[in-house]
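# Descriptive structure summary
Letter by letter, the chains look like this.
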Amino acid sequence: MAGKKVLIVYAHQEPKSFNGSLLKIAVEELTKQGCSVTVSDLYAMQFEPRATRNDIVGPLRNSEAFNYGVETWEAYKRGGLSKDVVEEQKKVQEADLLIFQFPLFWFNMPAILKGWMDRVLVQGFAYDLSKAYDGGLLQDKLSLFSFTTGGSKEKYATRGDIRYLLWPMQHGIMHFCGVKVLEPHICYAPENVSEEKRKEMLTAWTQRLKTLWKEEPIDCSPEWYFK
């Protein structure tokens, strides 16, 4: 939709990968719609995933016993977070839609993406303990988790609904921060299917993006994940 701002946080080492193709399609299609698209390519940026004292500029509140949550909260309030964190927060703040593009690692997002969540979505910026979930600080934003798996849809089905895995990502992070969540986009085992099937997956992603702004967010309740 023309005028909308999109941030794609991309976590894959190889531009020529299937994830890379999904990223390229998203950038091209959303740009064609008139959206302003920004990409945080975490591996290319060599983004630091570790949450450390280096994220705070200036003196610590308690230098004797370091508490990351407390120190980053205080640093955010006084404008004392590190430059790379502030730059990512600015991208988030300006975005109407956050897309997270990644391969599923051990039923979770890659460590570099989890580190982005840990360091960027700090208290004071993304949430407050008295303002969480529907009252979170990042209201009026949409999010979409687009990811690939190593196993087939059938294999995941024998071990329980894949929605179980999305509870900590979609509900525990995005919804907690007040962000509305769109239906995830899952490409099952792209490395283990035919070239024709991969093309079908890419076409399906393109088609979904064409009507993405018309979609309604999911019902962020336990029932959606564990029904």
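To be clear, the structure that these remarks concern was listed above.
None of the values given here were measured: they were computed from a predicted structure.

What counts and how
- Residues numbered from 1 in each chain as written.
- Predicted model: local features only at pLDDT ≥ 70, side-chain atom pairs only at ≥ 80, totals over all residues.
- Heavy atoms only, no water.
- Helix = DSSP H or I, 4+ residues; strand = E, 2+ residues; numbered from the N terminus.
- Rg over C-alpha atoms; globule rule 2.2 N^0.38 Å.
- Buried < 20%, exposed > 50% of the residue type's maximum accessible area, 1.4 Å probe, protein only.
- Core = buried A, V, L, I, M, F, W, Y, C linked by side-chain atoms within 4.5 Å.
- Contact = heavy atoms within 4.5 Å.
- Axes fitted to C-alpha atoms, helices over the stretch in contact; angles between N-to-C directions.
- Parallel < 35°, antiparallel > 145°, perpendicular 65-115°, else oblique.
- Nonpolar A, V, L, I, M, F, W, Y, C, P; charged D, E, K, R; others polar.
- Phe/Tyr/Trp six-rings, centres within 6.5 Å; stacked < 30°, edge-to-face > 60°.
- Lys NZ or Arg CZ within 6 Å of the ring centre and 35° of its normal.

## Here's the deal with the overall build of the chain
- Helix and strand counts for the chain stand at nine helices and six strands.
- A compact globule built from 227 residues would reach a C-alpha radius of gyration of about 17 Å, and the chain, at 18 Å, matches this within 12%.
- If one aligns the C-alpha atoms of the chain with their principal axes, the spans along those axes are about 60 × 40 × 30 Å.
- Looking at the 227 residues of the chain, the share that counts as buried comes to 47%.

## Quick notes on the nonpolar core
- By size, the foremost hydrophobic cluster in this structure holds 45 residues, and its most contacted members are Phe100, Phe102, Leu113, Trp116, Met117, Leu121 and Met174.
- Only β1 (5–10), α4 (83–94), β3 (97–103), α5 (111–120), β4 (142–148), α7 (163–174) and α9 (222–226) provide two or more residues apiece to this core.
- The residues contacting Phe102, other than those within four sequence positions of it, are Ala11, Asn19, Asn108, Met109, Pro110, Leu113, Phe145, Ser146, Phe147, Thr148 and Met169.

## A few points about the environment of Asp55
- Following the sequence through the fold, Asp55 ends up in the loop between α2 (42–45) and α3 (68–78).
- Residue classification places Asp55 among the buried residues on the basis of a relative accessible area of 3%.
- Sequence spacing of Asp55 and Thr72 is 17 residues, and the spatial spacing of their C-alpha atoms is 7.4 Å.
- Asp55 has contacts with Arg50, Tyr68, Gly80, Leu81, Ser82 and Arg119, leaving out every residue within four places of it along the chain.

## Description of unusual backbone geometry
- If you check the backbone angles, Gln46 has positive phi at about 55 degrees while not being a glycine.
- Tracing the chain through its elements places Gln46 in the loop between α2 and α3.
- Residue class for Gln46 comes out exposed when judged on its relative accessible area of 70%.

## Quick look at the packing of α4 against α5
- Contact geometry of α4 with α5 gives a least axis separation of 10 Å together with a crossing angle of 90 degrees. Of the possible angle classes, the one that applies to α4 and α5 is roughly perpendicular. Taking contact as the criterion, the partners of Asp84, Val85, Glu88, Gln89 and Val92 in α4 are, on α5, Trp116, Arg119 and Val120.
- Taken together, the residues of the contact of α4 with α5 break down into four nonpolar, one polar and three charged.

## Quick notes on the packing of aromatic side chains
- By the definition in use, this model includes 13 aromatic pairs.
- Look at Tyr76 and Phe125: their rings are 6.0 Å apart centre to centre, the planes differ by 65 degrees, and that puts the pair in the edge-to-face class. Taken together, the positions of Tyr76 in helix α3 and Phe125 in the loop between α5 and β4 put the pair 49 residues apart, joining distant regions of the chain.
- Look at Phe125 and you get buried, because its relative accessible area is 5%.
- Residues Tyr164 and Phe226 carry aromatic rings whose centres are separated by 5.6 Å and whose planes lie at 25 degrees to one another, so their mutual orientation is stacked. With Tyr164 in helix α7 and Phe226 in helix α9, this residue pair connects regions lying 62 residues apart in the sequence.
- Residue class for Tyr164 comes out partly exposed when judged on its relative accessible area of 39%.
- Residue Phe226 is classed as partly exposed on the basis of its relative accessible area, which comes to 44%.
- A connected cluster of aromatic rings, assembled from ring pairs, spans Phe100, Phe102, Trp116, Phe145 and Phe147.
- Geometry around Trp73 places Lys77 over its ring, the cationic atom sitting 4.3 Å from the centre.
- Lying across the ring of Trp224, Arg163 places its NZ or CZ 3.8 Å from the centre.

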